[in-house]
Amino acid sequence: MKSNLRVLFLAAEAEPFVKVGGLGDVAGSLPCALRALASTQPPDITGAGEIDIRLALPFHSAIKKLSLALQKECEFIIPYAKKKYPAQVFHTQRNGVSVYLIDGPFIPEDGPVYCGDNVIDGRKFTFFSLAALELARRMNWAPDILHANDWHTAPAVYALQLDRKTCAFFKHTATLLGVHNLPYTGQGAGKVLREFGLPPAVDSSLPAWAQDVPLALGLYSADHIVAVSPTYATEILTPEFGAGLEGFLSHHSQKISGILNGLDMVAWDPAHDNALAKNYDRKHLEDRGQNRNALLDEVGLDTAPATTLFGLISRLDRQKGIDLALEALRRRADLPWQVIILGSGAQDLEVALRQFVAEFPQRARAVIGFDAALSRKIYAGADAFLIPSRYEPCGLAQMIAMRYGCIPVARATGGLRDTITDASNVDNGTGFLFEEAKTEALEVALQRVIAAAKQPHGWRAMQNRAMEQDFSWGRSAQEYYKLYQSLIEARLRTGNAD
Ligand code: ADP
């Protein structure tokens, strides 16, 4: 009889419960895609019967505001600083995936998912991580895979490794740590970890500063590390992207791989997107024109058909290279461009955007804030999409842009490099890539894009190819599944040898 493959998936956020960034997209979509995989794959690929994947999340105040059908699962104690703190676990279902919401005194009744203070966040997420492991024990449900994500749940990976030394329960559980954004390490939470009974690691391959840092401990103790794109998996081994952990990661490079995130192809579909002035698909690309005009009208710019309209939608963070975009456009003011920028975040970048619009009142608009409907109109109406990121672990925006026939113009880094084929590949190009995170490099790219947009036949062919790309979660889920299987086999060998 086929057995079920058991996966305990831990994340700080997951759609549709609560989402702050890309991690929320992954944790919302991947468990459901894995659950759906077993029923659609031939037995020789899936091997096991069902995939019993269970998602655990902190019971954030934003989730408490949703009216979910909940059942109380169990209650237990987590020790911290010589005191005992109660954890309560509630259960709900989503698309056949069991979801456990973990509550307790460190998960504030009213507060954001991340408060930004690594001591307070560290207490919340380490409590959650340890409670998730205890939940598995209470259910007598030993997972084959513990799949944790980013620094918040990295303590679960470390705690499990320590636990294996004294206890048999997790002996056959393989651990996987997903890296969505390496520079966020949770540094400063070392004392919190100690108070939860997690001592610093004694390992000379870890830099001294990292020995009590949550993400570093997770990377150190995980059986495998998966970055959210193949290119990011190699970039994190270098000083430019390695956040000081590149030496350690290079030393352990044999346990690192990269799997691209998927895109929710139903939620992002220009043929059925209610926000658009006119729905369209690959065969009716001329209908994009109506969306272009409606967008320009909405933001109060002239509808100038001979101009290339660029869109940019982003968190305003140095990572995203907004400053490079503004400077390159400024320096190439001789080219026929218009630009619409949507974003919020760092104050200095908001000021820079306002200043830029004041310089180019006939050609540029910036909307400061988060506006899901406007973002869809930009993807559907702009000719090209700017993504000059200094680093980009995976990136969703370029996949959405391509799905909407909006040609990405991106720095060749991380997931951008893995998802966009440069237009110099005449028959395969889906966008424009530039190598260096420098204004000059983007200036050259702008020139290339504007020249290409003047060739309607070739441009349309490129839009077609971009829209044809398969960024679905099904493909990524299969890769995760294969990885899970190889990790389980390896763990069985090591676990039996222990
Ligand atoms: P990151 O997760 O690093 O912010 P991604 O490219 O992976 O970058 O994902 C960004 C997502 O957030 C995209 O779906 C993008 O459309 C959306 N987004 C970013 N800023 C805004 C905004 N101001 N308004 C609406 N959507 C936004």
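Residues numbered from 1 in each chain as written. Predicted model: local features only at pLDDT ≥ 70, side-chain atom pairs only at ≥ 80, totals over all residues. Heavy atoms only, no water.

Some thoughts on the overall build of the protein chain
Scanning the protein chain for helices and strands turns up 18 helices and 15 strands. Rg of the C-alpha trace for the protein chain: 24 Å, near the compact-globule value of 23 Å for 498 residues, within the 12% margin. Along the first, second and third principal axes, the C-alpha set of the protein chain runs to 70 × 50 × 45 Å. With 498 residues in all, the protein chain has 57% of them scored as buried. Excluding contacts between residues fewer than 6 apart, the proportion of contacts in the protein chain whose partners are at least 24 apart in sequence is 72%. Only carbon and sulfur atoms are counted for the fraction: they give 51% of the accessible area of the protein chain, which is about 20,000 Å². Counting 51 positive and 55 negative side-chain charges, the protein chain places the averaged centre of each group 3 Å from the other. (Helix = DSSP H or I, 4+ residues; strand = E, 2+ residues; numbered from the N terminus. Rg over C-alpha atoms; globule rule 2.2 N^0.38 Å. Buried < 20%, exposed > 50% of the residue type's maximum accessible area, 1.4 Å probe, protein only. Contact = heavy atoms within 4.5 Å. Areas by Shrake-Rupley, 256 points an atom, 1.4 Å probe, with all protein chains shown as cover. Lys, Arg positive; Asp, Glu negative; His and termini not counted. Charge placed at Lys NZ, Arg CZ, Asp CG, Glu CD.)

As for the site of the ligand
Lining the immediate environment of the ligand, one finds 17 residues, of which Arg315, Lys320, Gly369, Tyr379 and Leu396 sit closest. At a separation of 2.8 Å, an oxygen atom of the ligand approaches a polar side-chain atom of Arg315. Between Lys320 and the ligand, the recorded distance is 2.8 Å, taken from a side-chain N or O atom to an oxygen atom. A total of 570 Å² of accessible area belongs to the ligand in isolation, and the protein chains cover 87% of it. Element by element, the count of residues in the shell around the ligand is highest for strand E10 (residues 308-316), at three residues. Within the shell around the ligand, the residues separate by chemical class into seven nonpolar, six polar and four charged. (Near = heavy atom within 4 Å. Polar contact = N/O pair within 3.5 Å; in protein donor to acceptor, adjacent residues only side chain to side chain. Nonpolar A, V, L, I, M, F, W, Y, C, P; charged D, E, K, R; others polar.)

Digging into the pairing of strand E8 (residues 224-227)
Neither face of E8 is open: one carries His224 and Val226, the other Ile225 and Ala227, and all of them are buried. Two strands pair when backbone bridges link them, and strand E7 (residues 174-179) and E8 are joined in this way by four bridges, in the parallel orientation. Bridge pairing in E8 places Gly178 opposite Val226. Summarising the sheet, E8 and strand E9 (residues 256-258) pair through three bridges and their orientation is parallel. By the bridge assignment, Ile225 is partnered in E9 with Ile256. (Pairing = 2+ DSSP bridges.)

Observations concerning the side chain of Thr126
Within the secondary structure, Thr126 sits in helix H4 (residues 118-138). Filtering out sequence-adjacent residues up to four positions away, Thr126 remains in contact with Pro155, Val192, Leu193, Phe196 and Leu198.

As for the pairing of strand E4 (residues 83-94)
Sheet analysis places strand E3 (residues 71-80) next to E4, joined by nine bridges and oriented antiparallel. Considered in E4, the bridge of Tyr80 is made with Lys83. In this structure, the hairpin formed by E3 and E4 is closed by a connection of two residues, where Ala81 is found at a positive phi of approximately 50°. In this sheet, strand E5 (residues 97-103) lies alongside E4 in antiparallel orientation, the contact comprising seven bridges. Looking at the pairing, Arg94 lines up with Val97 of E5.

Side note on the sheet that holds E9
The mixed open sheet is built from nine strands, whose spatial order is E3-E4-E5-E2-E1-E6-E7-E8-E9. Whereas interior strands pair on both sides, the edge strands pair on one side only; in this sheet they are E3 and E9. In this sheet, adjacent strand axes meet at a mean angle of 25° when their direction is disregarded. Packing against the sheet, H4 makes contact with strand E1 (5-10), strand E2 (51-58), E3, E4, E5 and strand E6 (145-149), and its axis sits at approximately 120° to E3. (Axes fitted to C-alpha atoms, helices over the stretch in contact; angles between N-to-C directions.)

Considering the pattern of salt bridges
For the structure shown, the criterion picks out 32 salt bridges. Close ionic contact of Arg54 with Asp52 constitutes a salt bridge, the shortest N to O distance being 3.0 Å. One exposure class covers both Arg54 and Asp52, and it is buried. Put simply, Glu327, Arg330, Arg331, Glu359, Glu440 and Glu443 are held in one network by salt bridges that share partners. (Salt bridge = Lys/Arg side-chain N within 4 Å of Asp/Glu carboxyl O.)

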